[in-house]
Amino acid sequence: MFERFLSSETKYLRTSEIRDLLKLTEGKNVISLAGGLPDPQTFPVEEIKKITEDVLTNYSDKALQYTATPGISEFRKELVNLSKSRGISGIDEKNIFVTVGSQEALYMLFNILLDTGDNVLVEAPTYLAALNAMRSRRPNFISVTVTEKGPDLNELERKVKESNANGKKVKLMYVIPTAQNPAGTTMSTEDRKRLLEIAVKYDFLIFEDDAYGFLVFEGESPPPIKAFDKEGRVIYTSTFSKILAPGLRLGWVVAHEDFIKEMELYKQNVDLHTPSLSQYIAMEAIRRGVIQNNLPKIRRIYKEKRDIMLEAIETYFPKGSRWTRPVGGMFIFAWLPEKIDTSKMLEKALQRGVAYVPGASFYADYSGRNTMRLNFSFPKKEELTEGIRRLAETIKQELST
Ligand SMILES: Cc1ncc(COP(=O)(O)O)c(C=O)c1O
């Protein structure tokens with residue numbers, strides 16, 4: 001009704017298909033494999049209660065007050081330590097910036113870095129909300145195929161060369177190297193180093209999203225690309241959403257001071273600072289070891305759920321399908337026989353009582369029409385098997401028509 005009043009930028013905004021989907025399934029007998037929520041069993045509720053009480057007793061003057069834009073100084077120091085536990089060294093408080101979830105970090109940095117038409121490398125598929133945040137800047141996406149081992153680096157280098165030969169350099173790559181959302185893939189340490197070498201060689205930035213770096217439940221979590229960065233070329237972000245609680249809305253960035261300064265200017269116009277109370281709670285959670293002590297439980301729960309989902313997929317999915325076998329995170333990604341369009345099939349799946357996210361939403365060019373993302377962290381164990389069974393029936397039905 002009031003469209004004529006909207007700015008041209010707002011007109012480029014797209015609603016999240018995941019959110020639209022969740023709305024469709026609300027209150028119905030639908031097993032949702034569509035969402036991306038942590039299992040509430042992983043929230044350390046009693047510890048957070050105790051910490052909150054202590055914070056309000058000991059620091060209420062600061063925890064309920066406005067604070068500095070880059071984050072509370074003592075908290076940033078703790079974030080230096082937490083980042084070091086992921087193998088990132090040579091940083092101090094000046095390299096840390098606290099954000100309202102890592103989503104705000106993505107949004108701010110894409111706005112700080114990207115102009116219309118800039119060449120941006122993205123994985124195909126990649127995180128939907130990052131794509132949407134980038135889309136509002138109207139960049140030129142260069143998609144790189146994700147294989148079982150992460151982005152295909154030969155294809156990547158070829159595309160970077162092509163782009164340079166056409167006189168348009170690549171500015172940035174947005175990448176999720178560990179337990180990728182949606183693909184569930186994890187890059188090897190070797191590939192991480194090689195990607196950084198390519199970035200150095202062709203002079204582009206790497207924006208590394210390590211949302212699931214602490215959530216590897218099989219084998220060791222490889223060090224982030226930032227751990228190999230000697231010149232500040234890698235901007236790193238991670239989040240408390242998967243290791244403590246998403247409701248606190250806390251994320252952080254590790255980056256060269258030059259980027260941190262720009263973020264400070266930008267955030268002053270957005271929301272002044274990240275909620276002080278959340279920062280104090282997370283700071284105490286790190287100091288008291290609540291996060292580190294809770295990680296084994298989170299990993300155990302997610303591994304068990306991944307196993308249940310994988311077993312159901314192996315049992316029920318028709319021939320001609322393939323899927324990832326994630327070593328961490330919350331998602332499995334599946335490729336169905338070419339004939340199937342998962343966006344079109346969704347309505348039938350919902351009728352059978354199961355929801356998923358059609359994979360096309362995770363591709364910058366909306367390809368991947370025969371793919372889907374399946375979440376195993378949130379549904380209950382019994383729902384995982386039944387959900388996959390219903391989904392497999394839908395797929396078989398679709399194949400037979
Ligand atoms: C890859 C990735 N990055 C960033 C986010 C944003 O999370 P938050 O804003 O809660 O930190 C998510 C959430 O699902 C994600 O999967």
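- The name an unreviewed UniProt entry gives the chain is PLP-dependent aminotransferase family protein, with Sulfolobus tengchongensis as the organism.
- Of the comments in the UniProt record for the chain, the one headed Sequence similarities (unreviewed entry) reads "Belongs to the class-I pyridoxal-phosphate-dependent aminotransferase family."
- UniProt, in its Cofactor (unreviewed entry) section for the chain, records the words "pyridoxal 5'-phosphate".

## Overview of the overall build of the chain
For step 1, the next point in the chain: Across its full length, the chain holds 13 helices and 14 strands.
For step 2, the next point in the chain: Relative to a compact globule of 401 residues, whose C-alpha radius of gyration would be 21 Å, the chain shows 21 Å and is just as compact.
For step 3, the next point in the chain: Oriented by its inertia axes, the alpha-carbon framework of the chain measures out at about 65 × 55 × 55 Å.
For step 4, the next point in the chain: The buried share of the chain, taken over its 401 residues, is 57%.

## Notes on the sheet that holds strand β9 (residues 251-254)
The strands that make up a sheet are held in pairs by hydrogen bonds between backbone atoms, and each pair lies either parallel or antiparallel.
For step 1, the next point in the chain: On the basis of which strands lie adjacent, the open sheet formed by eight strands has the order β2-β9-β8-β7-β6-β3-β4-β5 and mixed pairing. Every interior strand has two partners, whereas the edge strands, β2 (96-99) and β5 (150-151), have only one.
For step 2, the next point in the chain: Both β2 and β9 contribute to a ladder of four bridges, which runs antiparallel. Each residue of the ladder has a partner; that of Thr99, found in β9, is Gly251.
For step 3, the next point in the chain: Those strands touched by helix α5 (residues 101-113) are β2, β6 (170-175), β7 (205-209), β8 (234-239) and β9, and its axis lies near 155° from that of β8.

## Structural notes on the side chain of Arg137
For step 1, the next point in the chain: If you trace the backbone, Arg137 turns up in the loop between α6 (128-135) and β4 (140-147).
For step 2, the next point in the chain: Buried and unpaired, Arg137 has no salt bridge, with Asp115 as the nearest side chain of opposite charge at 4.1 Å.
For step 3, the next point in the chain: At 2.9 Å, the side chain of Arg137 forms a polar contact with the backbone oxygen of Leu114.

## Quick word on the domain arrangement of the chain
For step 1, the next point in the chain: In terms of domain boundaries, the chain breaks down into domain 1 (3-43 + 294-400) and domain 2 (46-291).
For step 2, the next point in the chain: The straight-line distance from the C-alpha centre of domain 1 to that of domain 2 is 24 Å.
For step 3, the next point in the chain: Opposite the 38 residues of domain 1 that make contact, domain 2 presents 36 residues.
For step 4, the next point in the chain: The interface formed by domain 1 and domain 2 contains three salt bridges.
For step 5, the next point in the chain: With a closest N to O distance of 3.3 Å, Arg325 and Glu218 form a salt bridge.
For step 6, the next point in the chain: Applying the counting rule to domain 1 against domain 2 returns 16 residue pairs in polar contact (both at pLDDT 80 or more).
For step 7, the next point in the chain: Secondary structure elements with two or more residues in the side of domain 1 that touches domain 2: α1 (17-25), α11 (290-316), β10 (322-323) and β11 (331-335).

## Points about helix α4 (residues 73-84)
For step 1, the next point in the chain: Helix length check: α4, at twelve residues, gives a terminal C-alpha distance of 17 Å against a target of 16 Å (1.5 Å per residue), a fit within 8%.
For step 2, the next point in the chain: Taken together, the buried positions of α4 are Phe75, Arg76, Glu78, Leu79, Val80, Leu82 and Ser83.
For step 3, the next point in the chain: Buried residues along α4 sit in contact with β2, β9, α9 (257-270), α10 (276-287) and α11.

## Focus: the packing of α11 against helix α13 (residues 381-400)
For step 1, the next point in the chain: Taken N-terminus to C-terminus, the directions of α11 and α13 make an angle of 25°; their axes are 9 Å apart at the nearest point. In terms of their interaxial angle, α11 and α13 are classed as roughly parallel. For α11 against α13, the interelement crossing comes out right-handed. Counted together, Glu304, Lys305, Ile308, Met309, Ala312, Ile313 and Tyr316 of α11 and Lys381, Leu384, Thr385, Ile388, Arg389, Ala392 and Lys396 of α13 form the full contact between these two elements.
For step 2, the next point in the chain: Grouping the amino acids of the contact of α11 with α13 by side-chain chemistry returns eight nonpolar, one polar and five charged.

## Observations regarding the UniProt feature "domain: Aminotransferase class I/classII large" (unreviewed entry) in the chain
For step 1, the next point in the chain: Under the present numbering, the feature "domain: Aminotransferase class I/classII large" (unreviewed entry) in UniProt falls on residues 30-391.
For step 2, the next point in the chain: For the annotated span residues 30-391, helix accounts for 42% and strand for 16% of the residues, and the straight-line distance between the end C-alpha atoms is 11 Å.

## Some points on the nonpolar core
For step 1, the next point in the chain: Residues Phe75, Phe240, Phe317, Leu374 and Leu391 are the most contacted members of the largest nonpolar core, which totals 80 residues.
For step 2, the next point in the chain: In terms of residues, this core owes the most to one element, α11, which gives ten residues.
For step 3, the next point in the chain: Two domains each put at least three residues into this core: domain 1 (3-43 + 294-400) and domain 2 (46-291).
For step 4, the next point in the chain: Those residues in contact with Phe240, other than ones at most four positions away along the chain, are Phe75, Leu79, Leu82, Ala245, Leu250, Trp252, Ala282, Ile286 and Ile291.

## Details of the site of the ligand
For step 1, the next point in the chain: The full set close to the ligand counts 13 residues, and Ser102, Asp209, Tyr212, Thr239 and Ser241 are the nearest of them.
For step 2, the next point in the chain: Asn181 is positioned such that a nitrogen or oxygen atom in its side chain is 2.8 Å from an oxygen atom of the ligand.
For step 3, the next point in the chain: Contact with the protein chains removes 92% of the 400 Å² of surface that the ligand exposes when unbound.
For step 4, the next point in the chain: A total of three residues in the shell around the ligand trace back to one element, the largest contributor, which is α5.
For step 5, the next point in the chain: By residue class, the composition of the shell around the ligand is four nonpolar, six polar and three charged.

## Some words on the pattern of salt bridges
For step 1, the next point in the chain: Evaluation of the coordinates by the stated rule reveals 38 salt bridges.
For step 2, the next point in the chain: Across the pair Glu284 and Arg287 runs a salt bridge, and its minimum N-O distance is 3.7 Å. Taken together, the residues Glu284 and Arg287, both in helix α10 and three residues apart, mark about one turn of the helix.
For step 3, the next point in the chain: The exposure class of Glu284 is buried, given its relative accessible area of 8%.
For step 4, the next point in the chain: Arg287 sits in the partly exposed class, given a relative accessible area of 40%.
For step 5, the next point in the chain: Notably, a salt bridge pairs Lys348 with Glu398, separated by 3.0 Å at the nearest N-O pair. Of this pair, Lys348 sits in helix α12 (residues 342-351) while Glu398 sits in helix α13, and the two are 50 residues apart along the sequence.

Each value, and the rule that gives it
Throughout this description, residue numbers start from 1 for each chain and increase along the sequence as written. Two thresholds apply to this predicted model, a pLDDT of at least 70 for residue-level local features and 80 or more for giving and counting side-chain atom pairs, whereas whole-chain, interface and lining totals are computed over all residues. Calculation of side-chain values draws on the structure's entire complement of heavy atoms; hydrogens and water are dropped beforehand. UniProt positions are given in the numbering used here, feature names are shortened, and annotations may be inferred rather than shown by experiment. Secondary structure elements follow DSSP: runs of H or I of four or more residues count as helices, runs of E of two or more count as strands, with numbering from the N terminus. This radius of gyration counts C-alpha atoms alone. The globule rule is 2.2 Å times how many residues there are, raised to the power 0.38. Three labels apply to residues, based on accessible area from a 1.4 Å probe with only protein chains included: buried if under 20% of the type maximum, exposed if over 50%, partly exposed otherwise in between. Between any two strands, pairing holds if DSSP finds at least two bridges. Contact between two residues is taken to exist if any of their heavy atoms lie within 4.5 Å; hydrogens are not considered. To get an axis, a line is fitted to the C-alpha atoms, and for a helix only the part in contact is used. The angle between two axes follows their N-to-C directions and goes from 0 to 180 degrees. Neither His nor the chain ends is counted toward charge; the positive residues are Lys and Arg and the negative residues Asp and Glu. A carboxyl oxygen of Asp or Glu within 4 Å of a side-chain nitrogen of Lys or Arg is what we treat as a salt bridge. Any N or O atom pair separated by 3.5 Å or less is treated as a polar contact, with the protein-specific requirement of one donor-capable and one acceptor-capable atom, and with residues adjacent in sequence counted only for side-chain atom pairs. Where each domain starts and ends follows an automatic or database-derived domain assignment. The length a helix should cover is 1.5 Å for every residue beyond the first. Here the angle decides the label: under 35 degrees means roughly parallel, over 145 means roughly antiparallel, 65 to 115 means roughly perpendicular, and every other value means oblique. Note: crossing handedness is left-handed where the near helix turns anticlockwise from the far helix by less than a right angle, and right-handed where it turns clockwise. Following the grouping adopted for this structure description, the nonpolar residues are Ala, Val, Leu, Ile, Met, Phe, Trp, Tyr, Cys and Pro, the charged ones are Asp, Glu, Lys and Arg, and the polar ones are all others, Gly among them. Buried residues of nine kinds, namely Ala, Val, Leu, Ile, Met, Phe, Trp, Tyr and Cys, make up a nonpolar core once their side-chain atoms join them within 4.5 Å. The criterion for a residue being near a molecule or strand is simple. One of its heavy atoms has to lie within 4 Å of it. In this description, accessible areas are obtained by the Shrake-Rupley approach with a 1.4 Å probe, and a residue is regarded as covered only by the protein chains that are shown.

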